Every structure is written in C-alpha cells, then in structure tokens.
Amino acid sequence: MTVAVLDKYHLGISAIVVVAMQLLFFTIAVTFQYDKVADFAGGISFILVAVLTYGLAQTHDNRQFMVTLFVCIWGARLSSYLFYRIIKIGRDATFPDRRSNMIRFAVFWTFQAIWVLVVSLPIIVINAPHNSIKAGAPKTMTTLDTVGCCVFIFGFIIETFADLQKYAFRSEETNKGKWCDDGLWSMSRHPNYFGEIVLWWGVFIVSLNVIEGPEYIVVISPIFTTFIILFLSGIPHLERVSDHRFRNNAHYQLYKRSTSPLIPIPPSLYIEVPGFIKMLCCCELPLYNWMKAHPSDPPEAAPAPKSS
C-alpha cells in the first residue's frame, strides 16, 4: 500500500519541505549574519526531496533506489565540499551585498528553493508510486537506464575531480592570487559546471523510462540547470570576475583564447577553432568576454595582477 500526501507525485509535500528548509537556514543566516550555510542548505534539500519521495512511495524498486542513491551521493558530496571550502576560505564573496540588503538576501533564498524543486523534478516523478516497476514501468536495467547511469556517473566524476583539483591548486600557497589551470581546468574554464550539467541530463535520461504525457515537463530540470549555468549565476559571473582581475596578464589572455569555457577540449585544438564555431558548438558566448575595460567595471578591476 502506497501513501499519497497532497498529490500522487508528492510534489506538494516536497515543496513544503524545501521552503521550510530554506526558511530555517535563511533565519539562521540573518540572525547570526552567517552566510556559510547557503550551499549546505541547497545540497541537503536535494537529499531530503529524494529520500522523502522515495520513502513515501513505499514501492522501492531498483530504478527508484538507484536514482535516489545517485542524488543523495551527489548532494552530500557537493554540499559538504562547498561547506568545507567556505569554512576554510572564509566569507563567501557572493554574499556581502545581499546580507546588508534583506530583500535581496531573501530573493536569493527564494530562488534557491525554486532551483531545488525544479531540478528535482525527475527524481520526484521517478519516485512516484504509479511509475514503479510494480505499477507497470519497464524493469531495470533498460537501455535508457544504462545510458542515463553512464551519463550521470561521467558527469559526477568530472565535477568531483574538477572540484578536488581546484581545491588542491588553491591550497598551495604559491598559487595564491592565480587562476586554476591544472588538470581538467587546463581544458575547460569551468569543468565542474560541465559535470553538473551532464549528470542532470543523465537523471533525465533515466526518467524517460517512466514519464509520459504531461510528465515530460521534467525536461525543464536539465534545461534549467544548463540555462542557469550558461546565462545567469554560473559562468557569466565568474568570467567577469576573472576577466576584471587578470585581463592585463598575457598568460591569462592566452588561457582565455585557448581554453573552452565549458566542454573540456585540448587547448592546442581549441585555439585553432574559428570564433563562430566556438560560439555555436563550444558555448563561447559574447557575455563571457570582459577583456576590455568597461564603465561598469568595479574599482578593484583596475590593478593588473602579475601572477599567472
């Protein structure tokens, strides 16, 4: 016997839990002026949604268990890594302005709740009782399960290795004030984001086993992840910060020209690709280019660091 709480997908109760989590951590952050809990709250919320929908369904088939486990491992690794990193580094540079402006700070936490719910849609739908193997869904491991798992694992490995390589690079005192160009970062300016995009497309591929009709709305999960990273708070912000800081450094100029913004590509190959092909196939978008001085540049962008 399955338990239906608010709706057959358990989307309503998931939304309540996510909003409650963000409200709790928002209160902690505001009360103690402590913004280090933001990334931790996001990752934990993904885990809660996955475990909650899996538990309420009580169908517990192999596909549901597999995807729930995937999301839990991803959420635990990412949230613990980001939390540990910010504890070691100190204040998160994305928060000082928001903390001094309550409305903007609240908007951030609201957006995080929306992000968690939208990106979690495939796992919510996969864990719905009517999409279990017992209810007639294809048995695992189908071709879609195999492909989706391989895509997820590939993305997870890329994201994990990229984070570890960047952390190791920044832990070296001699690399202080430099940009990371080691390992995967020598082939992509943002390999961690590439991994995150890939792994959520993997979860969506697995969901193709069971979704039908209106349930295809879950494709918004990987699309939303890709859009946010490519156009909003992901790559554009970091590219602008790096360009402001290193634009007068000849080594950085070469790194920028020869390194793909997202998809890992050998620099010797990428630098030879025509500009319009880079834009169409490699996501080298104009909004990533802040190499020239701009009236909106912050004051700290003026000095030209000499480190590479």
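Residues numbered from 1 in each chain as written. Predicted model: local features only at pLDDT ≥ 70, side-chain atom pairs only at ≥ 80, totals over all residues. Heavy atoms only, no water.

Regarding the pattern of salt bridges
Tallying each qualifying case throughout the model produces 7 salt bridges. Here Asp163 makes a salt bridge to Arg77, at a shortest N to O gap of 2.8 Å. A residue pair is termed long-range when its members are at least 10 positions apart, and Asp163 in helix H7 (residues 143-171) and Arg77 in helix H3 (residues 62-89) qualify at 86 residues. Across the pair Asp243 and Lys256 runs a salt bridge whose closest N-O atoms are separated by 2.8 Å. Note that Asp243 is positioned in helix H10 (residues 235-246) and Lys256 in helix H11 (residues 250-258), a separation of 13 residues in sequence. In this pair, the class of Asp243 matches that of Lys256, namely buried. (Salt bridge = Lys/Arg side-chain N within 4 Å of Asp/Glu carboxyl O. Helix = DSSP H or I, 4+ residues; strand = E, 2+ residues; numbered from the N terminus. Buried < 20%, exposed > 50% of the residue type's maximum accessible area, 1.4 Å probe, protein only.)

A look at the nonpolar core
Counting residues in each nonpolar core, the largest one holds 39 residues, and the members touching the most others are Phe46, Val67, Val71, Trp74, Phe152 and Trp200. Where this core is concerned, the elements lending two or more residues are helix H2 (38-57), H3, helix H5 (102-119), helix H6 (121-126), H7, helix H8 (191-207) and helix H9 (220-231). Once residues lying within four places of it in the same chain are set aside, the contact partners of Trp200 are Phe46, Val71, Trp74, Val119, Ser221, Pro222 and Thr225. Counting residues in hydrophobic clusters, the runner-up holds 21 residues, among them Trp179, Leu184, Val198 and Leu230. (Core = buried A, V, L, I, M, F, W, Y, C linked by side-chain atoms within 4.5 Å. Contact = heavy atoms within 4.5 Å.)

Overview of the side chain of Thr226
By secondary structure assignment, the location of Thr226 is in helix H9. Look at Thr226 and you get buried, because its relative accessible area is 18%. When neighbours within four sequence positions are excluded, Thr226 is seen to be in contact with Ile197 and Trp201.

Some details on the packing of aromatic side chains
Scanning all chains against the criterion turns up 20 aromatic pairs. Their ring planes at 10° and their centres at 6.1 Å tell us that Phe152 and Phe156 sit as a pair that is stacked. Of this pair, Phe152 and Phe156 are both found in helix H7, 4 residues apart, which corresponds to roughly one turn of the helix. Taking 5.3 Å as the distance between ring centres and 40° as the angle between the ring planes, the aromatic pair formed by Phe227 and Phe231 counts as tilted. Taken together, the residues Phe227 and Phe231, both in helix H9 and 4 residues apart, mark about one turn of the helix. Ring pairs connect the aromatic residues Phe46, Trp74, Trp115 and Trp200, which therefore count as one cluster. Just above the ring of Trp290 sits the side chain of Arg240; from NZ or CZ to the centre is 3.9 Å. (Phe/Tyr/Trp six-rings, centres within 6.5 Å; stacked < 30°, edge-to-face > 60°. Lys NZ or Arg CZ within 6 Å of the ring centre and 35° of its normal.)

A word on a nonpolar patch on the surface
On the surface, a cluster of nonpolar side chains totalling about 340 Å² of accessible area is made up of Phe227, Phe231, Leu232 and Leu287. Given the relative accessible area of 37%, Phe231 is considered partly exposed. (Patch = residues over 30% accessible without salt bridge, like charges linked within 9 Å, V, L, I, M, F, W, Y side chains within 5 Å. Areas by Shrake-Rupley, 256 points an atom, 1.4 Å probe, with all protein chains shown as cover.)

Points about the packing of helix H1 (residues 11-32) against H2
Interaxial distance between H1 and H2 falls to 10 Å at its minimum, and their mutual angle equals 155°. Taken together, the axis directions place H1 and H2 in an arrangement best described as roughly antiparallel. In the crossing of H1 with H2, the sense of the turn from one axis to the other is right-handed. Here H1 contributes Ile13, Ser14, Val17, Val18, Met21, Gln22 and Phe25 to the contact with H2, which in turn contributes Phe40, Ala41, Ile44, Ser45, Leu48, Val49, Leu52, Thr53 and Leu56. Classifying every residue of the contact of H1 with H2 gives 12 nonpolar, 4 polar and no charged. (Axes fitted to C-alpha atoms, helices over the stretch in contact; angles between N-to-C directions. Parallel < 35°, antiparallel > 145°, perpendicular 65-115°, else oblique. Left-handed = near helix turned anticlockwise from the far one by under 90°. Nonpolar A, V, L, I, M, F, W, Y, C, P; charged D, E, K, R; others polar.)

Section: the side chain of Arg63
Secondary-structure assignment places Arg63 in helix H3. Separated by 2.7 Å, the side chain of Arg63 and the backbone oxygen of Pro138 make a polar contact. Leave out the neighbours within four places in its chain, and Arg63 touches Ile126, Ile133, Ala137, Pro138, Lys139, Thr140, Thr142, Asp145, Val206, Asn209 and Val210. (Polar contact = N/O pair within 3.5 Å; in protein donor to acceptor, adjacent residues only side chain to side chain.)

Here's the deal with the UniProt feature "transmembrane region" (unreviewed entry) in the protein chain
As recorded in UniProt, the feature "transmembrane region" (unreviewed entry) lies at residues 12-30, 37-57, 63-84, 105-128, 140-162, 193-211 and 217-238. The span residues 105-128 carries 88% helix and 0% strand; its end-to-end C-alpha distance comes to 34 Å. For the annotated span residues 140-162, helix accounts for 87% and strand for 0% of the residues, and the straight-line distance between the end C-alpha atoms is 31 Å. (UniProt positions renumbered as here; feature names shortened; annotations may be inferred.)

Here's the deal with the packing of H2 against H5
Axis separation between H2 and H5 bottoms out at 10 Å; the angle between their running directions is 30°. The angle between H2 and H5 places the two elements in the roughly parallel class. The way H2 lies across H5 gives a crossing that is right-handed. Counting all contacts with H2, which are made through Ala38, Ala41, Gly42, Ser45, Phe46 and Val49, the residues of H5 involved are Phe108, Trp109, Gln112, Trp115, Val116 and Val119.

Details of H10
Relative to the 16 Å expected for 12 residues at 1.5 Å per residue, H10 spans 16 Å between its end C-alpha atoms, a close match to the ideal helical length. In the core, the buried residues of H10 are packed alongside H8, H9 and H11. (Expected span 1.5 Å × (residues − 1).)

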